[in-house]
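Here's the letter readout for the chains.
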Amino acid sequence: MKIAFYNSKQYDQEYFERANQTGAHQIRYISSHLNLESTSLITDEEVVCAFINDNLDAAVLQSLKAKGIKLIALRSAGFNHVDIACSKQLSLPVVRVPAYSPYAVAEHAAALLLCLNRGIHRAHNRIREGDFSLRNLMGFDLHGKTVGVVGTGKIGQAFANIMGGFGCNVMAYDLIQNEQCVASGVNYVTLEHLFSHADVISLHCPLTPETHHLINHKALEKMRDGVTIINTSRGKLVDTKAIINALKTGKVGLLGLDVYEEEEALFFEDFSAKGIQDDVLARLTTFPNVIITSHQGFLTQEAMFNIAQTTLSNISLFEQDGSIQNGVV
(Lines give C-alpha, C1' and ligand atoms only; values in the text may rest on other atoms or scores of the structure.)
Protein backbone atom coordinates (compact mmCIF):
# COMPACT_ATOMS: atom_id res chain seq x y z
CA MET A 1 0.00 0.00 0.00
CA LYS A 2 1.02 3.63 -0.43
CA ILE A 3 1.79 5.18 2.94
CA ALA A 4 2.08 8.85 3.91
CA PHE A 5 4.53 8.66 6.81
CA TYR A 6 4.21 11.87 8.84
CA ASN A 7 6.56 13.32 11.46
CA SER A 8 9.45 11.31 10.02
CA LYS A 9 12.88 11.27 11.62
CA GLN A 10 16.09 9.65 10.40
CA TYR A 11 15.77 6.73 12.80
CA ASP A 12 12.18 6.09 11.63
CA GLN A 13 13.28 5.83 8.02
CA GLU A 14 16.22 3.56 8.88
CA TYR A 15 14.12 0.98 10.71
CA PHE A 16 11.05 1.12 8.49
CA GLU A 17 13.19 0.66 5.39
CA ARG A 18 14.80 -2.34 7.05
CA ALA A 19 11.38 -3.83 7.88
CA ASN A 20 10.16 -3.08 4.34
CA GLN A 21 13.09 -4.71 2.54
CA THR A 22 10.79 -6.68 0.25
CA GLY A 23 9.25 -3.42 -0.96
CA ALA A 24 5.75 -4.59 -0.07
CA HIS A 25 4.75 -1.00 0.63
CA GLN A 26 5.54 2.38 -0.91
CA ILE A 27 6.43 4.74 1.93
CA ARG A 28 6.71 8.48 1.40
CA TYR A 29 8.44 10.09 4.38
CA ILE A 30 7.13 13.52 5.36
CA SER A 31 8.96 15.54 8.02
CA SER A 32 5.93 17.68 8.87
CA HIS A 33 3.66 16.90 11.79
CA LEU A 34 0.22 15.70 10.83
CA ASN A 35 -2.35 18.46 11.27
CA LEU A 36 -5.18 19.93 9.24
CA GLU A 37 -2.86 22.06 7.13
CA SER A 38 -0.41 19.25 6.35
CA THR A 39 -3.14 16.89 5.10
CA SER A 40 -2.75 18.84 1.85
CA LEU A 41 0.55 16.96 1.34
CA ILE A 42 -1.33 13.71 0.70
CA THR A 43 -1.46 12.71 -2.97
CA ASP A 44 -2.59 9.18 -3.78
CA GLU A 45 -1.73 7.44 -0.50
CA GLU A 46 -4.18 5.05 1.15
CA VAL A 47 -2.60 4.88 4.61
CA VAL A 48 -1.41 7.54 7.02
CA CYS A 49 1.28 6.58 9.55
CA ALA A 50 1.32 8.94 12.54
CA PHE A 51 3.13 9.36 15.86
CA ILE A 52 2.05 10.43 19.34
CA ASN A 53 2.52 14.17 18.83
CA ASP A 54 0.52 14.31 15.59
CA ASN A 55 -2.98 15.75 15.55
CA LEU A 56 -5.77 13.36 14.65
CA ASP A 57 -8.81 15.31 15.77
CA ALA A 58 -12.17 15.27 13.99
CA ALA A 59 -11.24 17.91 11.44
CA VAL A 60 -8.04 16.10 10.47
CA LEU A 61 -9.79 12.73 10.24
CA GLN A 62 -12.53 14.18 8.04
CA SER A 63 -9.90 15.68 5.75
CA LEU A 64 -8.03 12.36 5.56
CA LYS A 65 -11.21 10.50 4.73
CA ALA A 66 -12.03 12.99 1.97
CA LYS A 67 -8.56 12.44 0.47
CA GLY A 68 -9.12 8.70 0.22
CA ILE A 69 -7.24 7.52 3.27
CA LYS A 70 -8.46 4.06 4.28
CA LEU A 71 -6.37 3.32 7.37
CA ILE A 72 -4.65 5.20 10.20
CA ALA A 73 -1.56 3.31 11.34
CA LEU A 74 -0.17 4.60 14.62
CA ARG A 75 3.45 3.70 15.30
CA SER A 76 2.84 4.01 19.03
CA ALA A 77 0.91 2.32 21.82
CA GLY A 78 -0.89 5.47 22.97
CA PHE A 79 -3.88 6.79 21.04
CA ASN A 80 -5.21 9.64 23.20
CA HIS A 81 -4.32 12.03 20.35
CA VAL A 82 -6.95 10.41 18.11
CA ASP A 83 -10.66 11.25 18.07
CA ILE A 84 -11.74 7.61 18.19
CA ALA A 85 -15.46 8.39 18.16
CA CYS A 86 -15.03 10.36 14.94
CA SER A 87 -12.90 7.64 13.33
CA LYS A 88 -15.69 5.13 14.01
CA GLN A 89 -18.30 7.44 12.52
CA LEU A 90 -16.15 7.79 9.41
CA SER A 91 -15.46 4.03 9.24
CA LEU A 92 -11.78 4.94 9.28
CA PRO A 93 -10.00 2.17 11.22
CA VAL A 94 -7.09 2.96 13.54
CA VAL A 95 -4.39 0.42 14.35
CA ARG A 96 -1.46 0.75 16.73
CA VAL A 97 1.60 -0.96 18.22
CA PRO A 98 0.36 -2.14 21.63
CA ALA A 99 3.71 -3.55 22.75
CA TYR A 100 7.12 -2.89 21.23
CA SER A 101 9.58 -3.35 24.09
CA PRO A 102 8.40 -3.00 27.67
CA TYR A 103 12.03 -3.31 28.74
CA ALA A 104 13.02 -0.17 26.81
CA VAL A 105 10.66 2.10 28.77
CA ALA A 106 11.09 0.30 32.10
CA GLU A 107 14.88 0.49 31.85
CA HIS A 108 14.68 4.19 30.98
CA ALA A 109 12.57 4.77 34.10
CA ALA A 110 15.21 2.96 36.14
CA ALA A 111 17.94 5.02 34.48
CA LEU A 112 16.20 8.26 35.43
CA LEU A 113 15.85 7.05 39.01
CA LEU A 114 19.48 6.00 39.34
CA CYS A 115 20.83 9.12 37.67
CA LEU A 116 18.76 11.41 39.90
CA ASN A 117 19.47 9.54 43.11
CA ARG A 118 23.24 9.49 42.72
CA GLY A 119 23.49 12.91 41.07
CA ILE A 120 25.23 11.47 38.03
CA HIS A 121 24.03 14.29 35.77
CA ARG A 122 25.45 16.90 38.16
CA ALA A 123 28.70 15.01 38.71
CA HIS A 124 29.22 14.64 34.97
CA ASN A 125 28.89 18.38 34.41
CA ARG A 126 31.20 19.18 37.34
CA ILE A 127 33.97 16.86 36.21
CA ARG A 128 33.97 18.48 32.79
CA GLU A 129 34.69 21.79 34.56
CA GLY A 130 37.41 20.32 36.78
CA ASP A 131 35.24 20.23 39.93
CA PHE A 132 35.83 16.91 41.70
CA SER A 133 34.00 17.78 44.93
CA LEU A 134 31.21 15.60 46.31
CA ARG A 135 29.13 18.54 47.48
CA ASN A 136 25.34 17.88 47.27
CA LEU A 137 25.81 14.47 45.66
CA MET A 138 24.52 12.40 48.58
CA GLY A 139 22.10 9.67 47.45
CA PHE A 140 20.32 6.83 49.19
CA ASP A 141 20.37 3.04 48.97
CA LEU A 142 17.56 1.73 46.82
CA HIS A 143 17.85 -1.57 48.65
CA GLY A 144 15.10 -1.76 51.25
CA LYS A 145 13.17 1.25 49.95
CA THR A 146 9.47 1.05 49.14
CA VAL A 147 8.75 1.55 45.44
CA GLY A 148 5.20 2.18 44.28
CA VAL A 149 4.32 1.20 40.70
CA VAL A 150 1.14 2.73 39.29
CA GLY A 151 0.01 0.50 36.42
CA THR A 152 1.29 -3.06 36.05
CA GLY A 153 0.93 -3.85 32.38
CA LYS A 154 3.99 -5.14 30.57
CA ILE A 155 6.05 -2.00 31.22
CA GLY A 156 5.01 -1.67 34.86
CA GLN A 157 5.74 -5.36 35.39
CA ALA A 158 9.20 -5.01 33.85
CA PHE A 159 9.93 -1.99 36.08
CA ALA A 160 8.68 -3.84 39.16
CA ASN A 161 11.03 -6.72 38.34
CA ILE A 162 13.98 -4.33 38.02
CA MET A 163 13.19 -2.74 41.38
CA GLY A 164 12.78 -6.17 42.95
CA GLY A 165 16.28 -6.97 41.70
CA PHE A 166 17.60 -3.98 43.65
CA GLY A 167 16.07 -5.41 46.81
CA CYS A 168 13.22 -2.91 47.00
CA ASN A 169 9.85 -3.55 48.60
CA VAL A 170 7.55 -3.21 45.60
CA MET A 171 3.89 -2.26 45.94
CA ALA A 172 1.52 -1.56 43.10
CA TYR A 173 -1.85 -0.15 42.18
CA ASP A 174 -3.89 -1.23 39.17
CA LEU A 175 -7.55 -1.88 38.44
CA ILE A 176 -6.57 -5.41 37.41
CA GLN A 177 -3.88 -7.29 39.30
CA ASN A 178 -1.08 -8.83 37.24
CA GLU A 179 -0.70 -12.38 38.55
CA GLN A 180 2.93 -12.52 37.43
CA CYS A 181 3.61 -9.47 39.57
CA VAL A 182 1.87 -11.10 42.53
CA ALA A 183 3.94 -14.25 42.03
CA SER A 184 7.14 -12.20 42.06
CA GLY A 185 6.25 -10.61 45.41
CA VAL A 186 4.56 -7.36 44.39
CA ASN A 187 1.98 -6.26 46.97
CA TYR A 188 -1.18 -4.65 45.55
CA VAL A 189 -2.56 -1.77 47.60
CA THR A 190 -4.96 1.13 47.22
CA LEU A 191 -3.73 4.21 45.41
CA GLU A 192 -3.99 6.24 48.61
CA HIS A 193 -1.87 3.69 50.49
CA LEU A 194 0.72 3.73 47.70
CA PHE A 195 0.91 7.51 47.71
CA SER A 196 1.36 7.70 51.48
CA HIS A 197 3.90 4.87 51.92
CA ALA A 198 6.15 4.83 48.83
CA ASP A 199 9.63 6.35 48.81
CA VAL A 200 9.65 6.16 45.00
CA ILE A 201 6.57 6.36 42.75
CA SER A 202 6.79 5.39 39.08
CA LEU A 203 3.89 5.91 36.67
CA HIS A 204 3.15 3.27 34.03
CA CYS A 205 -0.55 3.72 33.33
CA PRO A 206 -2.45 5.01 30.28
CA LEU A 207 -3.96 8.48 30.03
CA THR A 208 -7.72 8.34 30.54
CA PRO A 209 -10.23 10.84 31.93
CA GLU A 210 -9.77 9.07 35.28
CA THR A 211 -5.96 9.28 35.28
CA HIS A 212 -5.68 12.87 33.97
CA HIS A 213 -3.66 14.79 36.60
CA LEU A 214 -3.43 11.68 38.75
CA ILE A 215 -0.54 13.46 40.46
CA ASN A 216 -2.12 16.70 41.66
CA HIS A 217 -2.09 18.90 44.77
CA LYS A 218 -4.21 16.48 46.81
CA ALA A 219 -2.18 13.44 45.79
CA LEU A 220 1.09 15.20 46.58
CA GLU A 221 -0.15 16.17 50.05
CA LYS A 222 -0.54 12.47 50.87
CA MET A 223 3.03 11.59 49.89
CA ARG A 224 6.11 11.35 52.05
CA ASP A 225 8.32 14.41 52.25
CA GLY A 226 11.14 14.10 49.73
CA VAL A 227 9.35 11.52 47.59
CA THR A 228 10.87 10.56 44.24
CA ILE A 229 8.49 10.61 41.26
CA ILE A 230 9.24 9.09 37.85
CA ASN A 231 6.93 9.46 34.83
CA THR A 232 7.73 7.68 31.58
CA SER A 233 4.09 7.13 30.63
CA ARG A 234 1.96 10.14 29.65
CA GLY A 235 2.63 13.81 30.41
CA LYS A 236 -0.88 14.69 31.44
CA LEU A 237 -0.80 12.19 34.31
CA VAL A 238 1.04 14.92 36.21
CA ASP A 239 -0.20 18.40 37.05
CA THR A 240 3.02 20.25 36.27
CA LYS A 241 2.20 23.42 38.20
CA ALA A 242 1.35 21.35 41.26
CA ILE A 243 4.61 19.44 41.06
CA ILE A 244 6.62 22.65 40.69
CA ASN A 245 5.11 23.86 43.95
CA ALA A 246 5.95 20.51 45.55
CA LEU A 247 9.55 20.81 44.35
CA LYS A 248 9.80 24.28 45.85
CA THR A 249 8.58 23.09 49.27
CA GLY A 250 10.67 19.90 49.25
CA LYS A 251 7.66 17.59 49.20
CA VAL A 252 9.12 16.14 45.99
CA GLY A 253 12.80 15.39 46.44
CA LEU A 254 13.59 14.03 42.97
CA LEU A 255 11.63 14.19 39.71
CA GLY A 256 12.36 12.28 36.52
CA LEU A 257 10.23 12.94 33.45
CA ASP A 258 10.37 11.46 29.99
CA VAL A 259 7.01 13.03 29.15
CA TYR A 260 5.44 16.45 29.67
CA GLU A 261 1.91 17.83 29.56
CA GLU A 262 2.48 20.13 26.58
CA GLU A 263 5.16 18.10 24.85
CA GLU A 264 3.40 17.98 21.47
CA ALA A 265 4.77 21.38 20.46
CA LEU A 266 8.28 20.73 21.75
CA PHE A 267 9.51 17.16 21.96
CA PHE A 268 11.45 15.55 19.10
CA GLU A 269 12.42 18.99 17.74
CA ASP A 270 15.54 21.18 18.16
CA PHE A 271 14.91 24.53 19.83
CA SER A 272 18.50 25.12 20.91
CA ALA A 273 18.81 28.23 18.73
CA LYS A 274 15.42 29.66 19.72
CA GLY A 275 15.06 28.87 23.41
CA ILE A 276 12.11 27.27 25.17
CA GLN A 277 8.98 29.39 24.90
CA ASP A 278 7.06 27.25 27.42
CA ASP A 279 7.46 29.07 30.76
CA VAL A 280 6.29 26.11 32.85
CA LEU A 281 8.77 23.70 31.27
CA ALA A 282 11.50 26.34 31.47
CA ARG A 283 10.85 26.63 35.22
CA LEU A 284 11.09 22.86 35.63
CA THR A 285 14.52 22.81 33.99
CA THR A 286 15.89 25.19 36.64
CA PHE A 287 15.66 22.61 39.44
CA PRO A 288 18.90 20.66 40.05
CA ASN A 289 16.89 17.67 41.32
CA VAL A 290 14.90 17.29 38.10
CA ILE A 291 15.85 15.38 34.95
CA ILE A 292 13.73 15.74 31.81
CA THR A 293 14.25 13.66 28.68
CA SER A 294 12.30 14.16 25.46
CA HIS A 295 10.12 11.04 25.33
CA GLN A 296 13.04 8.80 24.43
CA GLY A 297 12.06 5.81 26.56
CA PHE A 298 11.04 3.87 23.45
CA LEU A 299 14.27 4.63 21.60
CA THR A 300 16.17 1.36 21.56
CA GLN A 301 17.21 -0.73 18.57
CA GLU A 302 14.91 -3.57 19.59
CA ALA A 303 11.89 -1.33 20.19
CA MET A 304 12.31 0.55 16.92
CA PHE A 305 12.52 -2.67 14.92
CA ASN A 306 9.44 -4.06 16.67
CA ILE A 307 7.54 -0.82 16.01
CA ALA A 308 8.39 -0.94 12.31
CA GLN A 309 7.57 -4.63 11.97
CA THR A 310 4.25 -4.42 13.79
CA THR A 311 3.15 -1.26 11.97
CA LEU A 312 3.84 -2.74 8.54
CA SER A 313 2.25 -6.05 9.56
CA ASN A 314 -0.90 -4.15 10.58
CA ILE A 315 -0.97 -2.50 7.17
CA SER A 316 -0.26 -5.72 5.26
CA LEU A 317 -3.13 -7.59 6.89
CA PHE A 318 -5.50 -4.73 6.15
CA GLU A 319 -4.37 -4.71 2.53
CA GLN A 320 -4.88 -8.47 2.14
CA ASP A 321 -8.48 -8.74 3.26
CA GLY A 322 -9.42 -5.73 5.37
CA SER A 323 -8.40 -7.45 8.59
CA ILE A 324 -7.82 -5.21 11.59
CA GLN A 325 -4.85 -6.28 13.70
CA ASN A 326 -4.12 -4.31 16.89
CA GLY A 327 -7.15 -2.11 16.34
CA VAL A 328 -7.89 0.70 18.76
CA VAL A 329 -11.08 -0.02 20.73
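Look up: the structure comes first, before these words.
The numbers attached to residues start from 1 for each chain and follow its sequence in the written order. Thresholds applied to this predicted model are a pLDDT of at least 70 for local features of residues and 80 or more for the giving and counting of side-chain atom pairs; totals over whole chains, interfaces and linings are not thresholded and use all residues. No hydrogens and no water enter the side-chain calculation; it runs on all heavy atoms of the structure.

(A) Quick peek at the sheet that holds strand E2 (residues 26-29). Two strands pair under a simple rule: DSSP has to find at least two bridges between them. The numbering of helices and of strands both runs from the N terminus, where a helix is a DSSP run of H or I of at least 4 residues and a strand a run of E of at least 2. The strand order across the open sheet built from five strands is E2-E1-E3-E4-E5, with neighbouring strands paired in parallel fashion. Edge positions in the sheet fall to E2 and strand E5 (94-95), since each has one partner strand and no second. Bridge count for strand E1 (residues 2-5) against strand E3 (residues 47-50) is three bridges, and the pairing is parallel. Bridge pairing in E3 links Ile 3 to Val 47. The contact criterion used is simple: two residues touch if any of their non-hydrogen atoms lie within 4.5 Å. Comment: axis = line fitted to C-alpha atoms, over the contacting stretch for helices; angle = value between 0 and 180 degrees taken between N-to-C directions. Those strands touched by helix H1 (residues 10-19) are E1 and E2, and its axis lies near 175° from that of E2. The strands touched by helix H12 (residues 301-321) within the sheet are E1, E2, E3, strand E4 (71-74) and E5, with E4 carrying the most contacts at an inclination of about 160°.

(B) Up close: the pairing of E3. Accessibility here uses a 1.4 Å probe with only protein chains present; expressed as a share of the type maximum, an area under 20% marks a residue as buried, one over 50% as exposed, and anything in between as partly exposed. Residues Val 47 and Cys 49 line one face of E3 and the alternating positions Val 48 and Ala 50 line the opposite face, and both faces are buried. The pairing of E3 with E4 spans four bridges and is classified as parallel. If you follow Val 48 over to E4, its bridge partner there is Ile 72. Handedness is read with the strands pointing away from the viewer; a crossover is right-handed when the path from the first strand over the helix to the second is clockwise. A crossover connection joins E3 to the parallel E4 through helix H2 (residues 58-66); in handedness this β-α-β unit is right-handed.

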